[in-house]
Amino acid sequence: MDGETPQRLRIELLGPVRAWRGTAPLSLGPVRRQAVLAAMALRPGSTVSHEDLLDGVWGSALPGSGHRVLPSYVYALRKALDPRGTAYEASAIRSSQGRYGMAADGIRVDVAELTERVREARRVKESGDLVNATARLAEALALFRGEPLAGLPGPFAQAERRRLSQTRRTLQSERLECLLLLGRAAEALEGLAALSAAEPYDESLLALHMRARESQPRREGGR
């Protein structure tokens, strides 16, 4: 959290859901309320209908309080996220005609930061700078703090958890390929062993593993 301005709101979804106002952690309440926050934070600048939020967070198990529950959750999230005295129209959560969403400005979401870092890492890799590409991929992977959206209920969180977990595996594979291209086969093999244990039938990992195994003896024989 170093370098945050005193009022900057940051939402972290690449692990257990957390939020910070500057350097101060915010209390987000129970996991289903956090799931409502995540469903909005993953669509920055856009609004989501009342019905889509209910379906995404509760699925077919709608709460007994029905449609009244969502406004109460949004109200509690506003109290948690907004500085005291924030005007309704300046809230981090915007609402209009039965729709809710996060404001586009003044909020940092780690998933958006991940997208930016990955784009830059791939640009650097395409330029041929494998050393910096490897470092930037490692920085992107460092944003993950465990399983994305850990513990959140509902079909939306489940689908996003799968998507973000696959993104993580793809980045791990890309970083290991960079290590291999740099001639660091032993290091690549170590990382591939751990990754392949979780994904034993991933053909791309198997192919990368074979390349690493084939390149290592040639280097050792040349010493």
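Report follows, based on the coordinates. Note that the structure is predicted; figures quoted are calculated from it, not measured. (Residues numbered from 1 in each chain as written. Predicted model: local features only at pLDDT ≥ 70, side-chain atom pairs only at ≥ 80, totals over all residues. Heavy atoms only, no water.)

This next bit is on the pairing of strand E2 (residues 18-21). Here four bridges tie strand E1 (residues 9-12) to E2, and the two strands are oriented antiparallel to one another. Considered in E2, the bridge of Glu12 is made with Arg18. In sequence, E1 turns back onto E2 through a hairpin of five residues, with Gly15 there showing a positive phi of about 155 degrees. Relative to strand E3 (residues 24-25), E2 is paired through two bridges, and the arrangement is antiparallel. Counted as the bridge partner of Trp20 is Pro25 from E3. Two successive antiparallel strands, E2 and E3, enclose a turn made up of two residues, where Gly22 displays a positive phi of approximately 65 degrees. (Pairing = 2+ DSSP bridges. Helix = DSSP H or I, 4+ residues; strand = E, 2+ residues; numbered from the N terminus.)

Bringing unusual backbone geometry into the picture now. Of note in the backbone geometry, Gln97 takes a positive phi value of approximately 50 degrees without being a glycine. By the element assignment, Gln97 lies in the loop between strand E5 (93-96) and strand E6 (99-102). A positive phi angle, close to 55 degrees, is found at Leu149, a residue other than glycine. Tracing the backbone through its elements, the reader meets Leu149 in the loop between helix H5 (130-141) and helix H6 (155-181). We classify Leu149 as buried; its relative accessible area is 0%. (Buried < 20%, exposed > 50% of the residue type's maximum accessible area, 1.4 Å probe, protein only.)

What is shown is where atoms sit, not what they do.
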